[in-house]
Amino acid sequence: MRLAEVWSEVIPYLHTEADVEHKVINPLLTELGYRSNDFTVQFKFDQFRLDFLIQGNQLPRLAYLIIEAKAPRHNLNEDIWQIRRYVRHVKAPFGLLTNGKQFQVFCEWNNRIIKVFDLDQKGLIDNFDQVRKVIGKEASLRYIASLTQVQMPIVPDPIYLTPTEKKAMIITVFNNKGGVGKTTTTINLAAALSKLGKRVLLIDIDAQANLTTGLGIDPLVDIEQQGKKDIVDLLTDRDVKLPDTITRKRWGDVVLDIVPSHIRLSDMEATLTQAVDGDRVLIRKLKNYKQNYDFILIDPPPSFSKVNTIALMAASHILIPTQLAAYPVRALEYVLTRTLGISKDRDEPLKMLGVAVSMYDKSATSGNREMVEKIHQKLQATGELIPLFPESTWIPQFKVVALNPDRGYPLCHADTDKDLPTGDKIKAADAFECYLRLAKHLLKISEEERATV
């Protein structure tokens, strides 16, 4: 195949985004059957500048394929949100995101943006016939010709190269201080992990049900009135199994399983306290299903209640969200004391993933330095190796982030909200990039931990 020969010669000389455009994308388009008059380079469309727009040089409404190029060392997972936004805004059925070494193809299908290819160079060459049937010249002509018939392009079965782990890391996102972004962190960290190809389960064990409503689920209308089970049933009814309580939600390529909560959980303190070995009820219910997920995130209440203990006993790891402000940092001492105390009552000690910063105000330079120093002092005082996550993962203090749980979707889905101003959509995308970096940092910790087992 000629493409394999061309790419084998240029790979050592790929350094910039321009190299990817000229040495990888142009030969790829030729092999797909396109000629120079079939596409436009650096096409300006509204507020966007598209690297390549196929069939869009005369009429953008006939766009078939958008291509976004990145530098070879760039991690494509950081820019999935961008290609999704382009595809949705330009109304093209397909989008290709590539750094010359990886190729991710996305398709708009039933108002969702789904990933249909995730290939390295060898994978693309080996599966080229299938790729050409989807984004090649002949496919684009068939699509353009069928627009008046309201037909959609054929979507192939997904091709993924990313392996999945066999056993979930169970993380309780814990802080007894309210207002530090605990639930917002849980929702968007879960969405970021899902975008990175991980299977995620969320468990809302807070009677306020903020995580549940933050994901667009009404505990009364969507659960109780539909005769479905929730966290109360899971904790108090021995015959209710985990799958009986799960509600699945999808936003484009983000898929999350959720165990919703209900306000009646607040009346169950005595029932849970009197139950035999009640502290371990949740971990027992999770035991047979950990292989179904890569990550299980538990969102407990900001208190030291019985359900809080249950959440900590069920976890294999703890993630502590905090804010660089006096009261949250002061509360960190109590969080650490509580967590380490629970750890001593377990068969296996709780592993502390570290402290994640939310509501980060970059402008408060001196105050931030002071708070960071105090956090390090408190972490060192425990005698444990508990890290403060790197600054690149700190979540900015944007209003759109603070109000995110009120909107019923993760931040990555904000670009589809017609009621959200453009400025807020941009800030939502910027904030979600930070959640992606937080997720990747977590994946790195997970991989390092598995390597030592």
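Here the structure is a predicted model, which is why all the values come from computation and not from measurement. (Residues numbered from 1 in each chain as written. Predicted model: local features only at pLDDT ≥ 70, side-chain atom pairs only at ≥ 80, totals over all residues. Heavy atoms only, no water.)

Caption draft 1: View of the packing of aromatic side chains. Counting across every chain of the model gives three aromatic pairs. For the cation-ring pair, Lys427 lies above Phe398, with the distance from its terminal atom to the ring centre recorded as 5.5 Å. (Phe/Tyr/Trp six-rings, centres within 6.5 Å; stacked < 30°, edge-to-face > 60°. Lys NZ or Arg CZ within 6 Å of the ring centre and 35° of its normal.)

Caption draft 2: Looking closely at the nonpolar core. Of all hydrophobic cores here, the largest spans 45 residues; its most connected members are Ile171 and Leu256. For this core, the secondary structure elements donating two or more residues are β7 (169-173), α7 (182-195), β8 (200-204), β10 (254-259), β11 (295-299), β13 (351-358), α16 (399-402) and α17 (422-452). The biggest single contributor to this core is α17, with 11 residues. In this structure, Leu256 is in contact with Ala190, Ala191, Ser194, Val200, Leu202, Leu215, Thr247, Arg248, Lys249 and Trp251, ignoring residues within four places of it in sequence. In terms of nonpolar packing, the next biggest core, distinct from the first, is built from 34 residues, Val6, Tyr64, Leu124 and Val131 among them. (Core = buried A, V, L, I, M, F, W, Y, C linked by side-chain atoms within 4.5 Å. Buried < 20%, exposed > 50% of the residue type's maximum accessible area, 1.4 Å probe, protein only. Helix = DSSP H or I, 4+ residues; strand = E, 2+ residues; numbered from the N terminus. Contact = heavy atoms within 4.5 Å.)

Caption draft 3: Structural detail: empty space enclosed by the protein. Counted by the stated rule, this structure contains two cavities of 30 Å³ or more. The computed volume of the largest cavity comes to approximately 60 Å³. When contributions to the lining of the largest cavity are tallied by element, the ones reaching two or more residues are α3 (80-90) and α17. Residue classes in the lining of the largest cavity are distributed as six nonpolar, no polar and four charged. (1 Å grid on protein atoms, 1.4 Å probe; cavity = no way out; pocket = protein on both sides within 12 Å on 5 of 7 lines; lining within 4 Å. Points joined across faces, edges and corners; volume = space filled by probe spheres on them. Nonpolar A, V, L, I, M, F, W, Y, C, P; charged D, E, K, R; others polar.)

Caption draft 4: Layout of the layout of surface pockets. Considering only enclosed or pocket space, the second largest pocket measures out at about 720 Å³ in volume. Forming the walls of the second largest pocket are 21 residues, and the residues nearest its centre are Lys167, Lys290, Ser316, His317 and Glu348. Those elements that provide at least two residues to the lining of the second largest pocket are β7, α13 (306-314) and α17. Here the lining of the second largest pocket takes three residues from α17, the largest share from any one element. Residues that form the lining of the second largest pocket fall into these classes: nine nonpolar, three polar and nine charged.

Caption draft 5: Quick look at the sheet that holds strand β12 (residues 317-323). Strand order in the open sheet formed by seven strands is β9-β10-β8-β11-β7-β12-β13, and the pairing between neighbours is mixed. The open sheet terminates on both sides in strands that have one partner only, identified here as β9 (247-251) and β13. When the angles between neighbouring strand axes are averaged without regard to direction, this sheet yields 25 degrees. When β8 meets β10, the two strands line up parallel, connected through three bridges. Each bridged residue has a counterpart across the sheet, and for Leu202 the counterpart in β10 is Ile258. (Pairing = 2+ DSSP bridges. Axes fitted to C-alpha atoms, helices over the stretch in contact; angles between N-to-C directions.)

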